[in-house]
Every structure is written in structure tokens, then in C-alpha cells.
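Examination of the molecular architecture
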Amino acid sequence: MKILFLDQSGKLGGAELSLTDVAKPYRETCLVCLFADGTFRELLEQNHIPVQVLATEPINVSKESGILDSLGSIRSIVSLIVKVTTLARNYELIYANTQKALVIGAFASFLSRRPLVYHLRDILSPDHFSSTNRRVAVTLANRFASLVITNSQATQAAFVEAGGRRELTHVVYNGFEPENYNIPDTDAHEIRQTLGLEGQFVIGHFSRLSPWKGQHILLESVAQCPKDITVILVGDALFGEEDYVKELHQTVTELGLKERVHFLGFRSDIVPLMKACNLIAHTSTAPEPFGRVIIEAMLCERPVVGTAAGGVIELIEPGKTGWLFPPGNSQKLAQIIMSCYQQPEQADAIAHHAKIQATQRFNLKTVNQQIAQLLSTIFRT
Ligand code: UDP
């Protein structure tokens, strides 16, 4: 099938990493169009997936601003729509991977008479989006999309609650290639050595640095724990959240954690870094649409704790494949950390069970078959 994928971002977030996996089977015939240049283009090129950057000006991708405000930062939205419409005539389907891609894709779909698929990877709730944003997304999806793929039941529910048509939606979880997570332990040892983490109980947090990703909650928890519990914060501020980064450094100083918290910035060697951890913490304070990091931790066979909200509830079975704590509750998180610290065998058994389950439930091969099947139904109706 000839698919024209659209994504607004040049940067590598969860949506972009997942799209790379979705696009792989179509690399011979598809094109991925980006509205900004960056490391995402490089990743697509490394994977031999055809990519074209359509806008050279960066788009303001702040989720708080209205979609239309952000789009206004492109010198000519019309020219973007024209470009996508022209390209779409050579493809069978337009596949919008982000909200701004949906806006451009909706108009291009109408003008080129190509069906539109919207892969919704956001929770359309007031926690994350202004009411204008939600209304625009839902109205365009309802009017123009033939299919809305949601990355969790939580994402689906929020779409419907915001006024989206349920009959358009199908839940498809992110897929992963389990074999990518089986690496020799020596790589993890090397990382521990390089970072001076030997003999420490290491908690890893893998996410862009952003207030709602809740890195500060983890810091508050760790301050309540013994001194040989150390944190690695992996990720950077992607969308202009530098003030939060400053606040995090300040919190580290105030809580006396300077020796125990390592800021590693954005890294592409996630697997050995996760393997170097004793526990992976996912601490979003607002509902997370999916939470790739949780499945990655499971596939690395590392114990994982996440917040009981959004899609995360669908990923972790408390006490069986990980632990859940109420969003923002650093005390409860500290208790879970302590139980993993004190009972490592139990934590390892849970991590082992989680790996087996994640390998089956989130296998990229199955997920891509599911998507292919859904796409084929569009042409049968
Ligand atoms: N990630 C990465 N390098 C980093 C931090 C994060 O490659 O330094 C990856 C992480 O492994 C995960 C993705 O970024 O695959 C984040 O996806 P998630 O669903 O957890 O959050 P999102 O970015 O979609 O909000």
C-alpha cells in the first residue's frame, strides 16, 4: 500500500519512534513528510524510510497553544496544504501521526480525495489540551478521517469524551521488537562503570524533561530513601521546557541530592542504560496516553513502577508485572522503591514475568499486522 505519512515534529518523541516502526513495512512505497527538520529525519534515513521535510521553519509545538496559533507560525499553511495535496495524489492514503499533521492532512485528504487515517497518540483532555485544540482535532477527525487508531483505551475514551465518533476508533498498542532488548550484560556493566554507579541501587527515569513527566516527584521520593539509591534522568527538554530543567537542578541542590542524581540528556542507547538500572520509574502527573518506556523496561527485564492514570493502567498489572502509584504521590513511590530495594528477588521475579507478557502483548510484528488489516478495511467499504 502506498502511504503518505505526516508528522509535525523533527524531534524524537514517542510518537516519532513509534511511527518509524509503523512505516518500516511500507519503506519501498511510502513517504514520510515532516513539518520540521531534525533527528527524526535522520532516524528515518537510517532505517531507509523515504522522508521529505516540507517546512523549514520550526513550528511552535507547545500543546498549550491552540493548534491554529501554532500553525500560524508556518509562513504559509496554504503552501503546506498544497504541497501535501500534490504529493498525496501519488499515494493511496494519508496517515496523520500528530495533531498538526491531522489539520494539514484533513484538508489535503479533501482536496486530493485520498482517505485519511489519524493515529491518535494524545489524550485529548483538559490536562493536556486547550478546548480549542480538542474541538479542532475532534471536528476534523470526525469529518475527514476514515479511521482513528488510538494508542490505548484511555486515548480512545478521551477522544470520545471530547466529542469524537467512537465507531471511527480502534485501539492499537505500540509495538516493539523484543530481540532489540536482548543485549549482553557487559554493556550495562560498562555503563555503570563509566557513570560511577557501581554498588548503587539505580533508578532510571527515561523521558523528556517536562513538568507533567514528573521527574520532580522521583527526586522527592529518592530524598526519603537511603543514600545508596541513585537516579539517572535520561532525556532532555524537547519543547522549550528549559525552566523546568533549571527547577530540577535547583531541587537536586535543595534536597542535597547532587551526588545521587545524574542528568544524562537525550540518549539513543536506551537499552544498555535500562539494563544498568535496578528499577525504572515512570512518574507522569497527568494521564499518559501510552508510555513506551514502561514496555521498554519490561522488555529489558527490569522492574518498573508507573503512575495509575491513563494508558499506564492498561500496561502494568500491579504486583504481577510492575507497580502503580497515584500521580504525584512521592511518598507512595518511595514505599515502592524501598520494597524493590529490600526485596530484589521479588522485584526480579516480577520483571521476569513482565518480560514474557510484554513480548507477547506488544510484539511489533502482530501490531503491524493489526494496522495493515485496519488499513485494508478502508478500501473495502
Ligand atoms: N527516549 C529516548 N532517549 C531519551 C529519552 C527517551 O530515546 O533520552 C525514548 C524512550 O525510550 C521512549 C520515548 O523516547 O521510547 C518516549 O516515549 P513515551 O511514550 O514514554 O513518551 P512521549 O515522548 O511519547 O511523551
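Further up the page is the structure itself.
What this report covers is the structure whose coordinates are included nearby.

Rules behind the numbers
Residues numbered from 1 in each chain as written. Predicted model: local features only at pLDDT ≥ 70, side-chain atom pairs only at ≥ 80, totals over all residues. Heavy atoms only, no water. Core = buried A, V, L, I, M, F, W, Y, C linked by side-chain atoms within 4.5 Å. Buried < 20%, exposed > 50% of the residue type's maximum accessible area, 1.4 Å probe, protein only. Helix = DSSP H or I, 4+ residues; strand = E, 2+ residues; numbered from the N terminus. Contact = heavy atoms within 4.5 Å. 1 Å grid on protein atoms, 1.4 Å probe; cavity = no way out; pocket = protein on both sides within 12 Å on 5 of 7 lines; lining within 4 Å. Points joined across faces, edges and corners; volume = space filled by probe spheres on them. Pairing = 2+ DSSP bridges. Axes fitted to C-alpha atoms, helices over the stretch in contact; angles between N-to-C directions. Phe/Tyr/Trp six-rings, centres within 6.5 Å; stacked < 30°, edge-to-face > 60°. Lys NZ or Arg CZ within 6 Å of the ring centre and 35° of its normal.

Before going further, it helps to spend a moment on the nonpolar core. With 35 residues, the main nonpolar core has Leu4, Leu6, Leu116, Tyr118 and Val148 as its most contacted residues. Of all elements in the fold, only strand S1 (3-7), strand S2 (31-34), helix H4 (77-88), strand S4 (93-96), helix H5 (99-112), strand S5 (116-120), helix H6 (131-144) and strand S6 (145-150) reach the threshold of two or more residues within this core. If near-sequence neighbours (up to four positions away) are discounted, Tyr118 is found in contact with Ala96, Thr98, Gln99, Leu102, Ala141, Ala145, Leu147, Val148 and Ile149. Counting 33 residues, the second largest nonpolar core, distinct from the first, contains Leu197, Val293, Ile294 and Ile295.

Of the voids in this model, the second largest pocket is the one considered here, and its volume is about 290 Å³. Considering the residues around the second largest pocket, the lining is formed by 17 residues, among which Lys275, Cys277, Asn278, Arg302 and Asp348 are closest to the centre. Breaking the lining of the second largest pocket down by element, the ones donating at least two residues are helix H8 (185-195) and helix H15 (344-361).

Take the sheet that holds strand S3 (residues 51-53) next. The strand order across the open sheet formed by seven strands is S3-S2-S1-S4-S5-S6-S7, and the pairing between neighbours is parallel. Here the strands that pair on one side only, and so sit at the sheet edges, are S3 and strand S7 (169-171). Across this sheet, the average inter-strand angle for adjacent strands is 20°, counted without regard to direction. Pairing of S5 with S6, which is carried by five bridges, proceeds in the parallel orientation. Each residue of the ladder has a partner; that of His119, found in S6, is Ile149. On the sheet, helix H1 (residues 14-23) packs against S1, S2 and S4 and is oriented at approximately 175° with respect to S1. Strand contacts of H4: S1, S2, S3 and S4, with the helix running at about 160° to S1, the strand carrying the most contacts.

Before going further, it helps to examine the packing of aromatic side chains. Throughout the structure, instances matching the rule amount to eight aromatic pairs. Centroid distance Tyr173 to Phe290: 6.0 Å. Interplanar angle 45°. Geometry classified as tilted. Of this pair, Tyr173 sits in the loop between S7 and H8 while Phe290 sits in the loop between strand S11 (279-281) and helix H12 (292-299), placing them 117 residues apart in sequence. Per residue, the accessibility class of Tyr173 equals that of Phe290, and both read buried. Taken together, the ring pairs in this structure connect Tyr173, Phe176, Phe290 and Phe362 into an aromatic cluster. In this arrangement the basic side chain of Lys2 is found over the ring face of Tyr91, its NZ or CZ atom lying 5.4 Å from the centre. Sitting above the plane of the Phe144 ring, Arg143 keeps its charged end 4.7 Å from the centroid.

Of all five residues in S1, five are buried; the element is thus mostly enclosed. Side-chain alternation along S1 places Ile3, Phe5 and Asp7 on one buried face and Leu4 and Leu6 on a second face that is also buried. Where S1 lies against S4, four bridges are found, and the strand directions are parallel. Following the sheet pairing, Ile3 is matched in S4 by Leu93. Of the strand pairs in this sheet, S1 and S2 are connected by four bridges, and their pairing is parallel.

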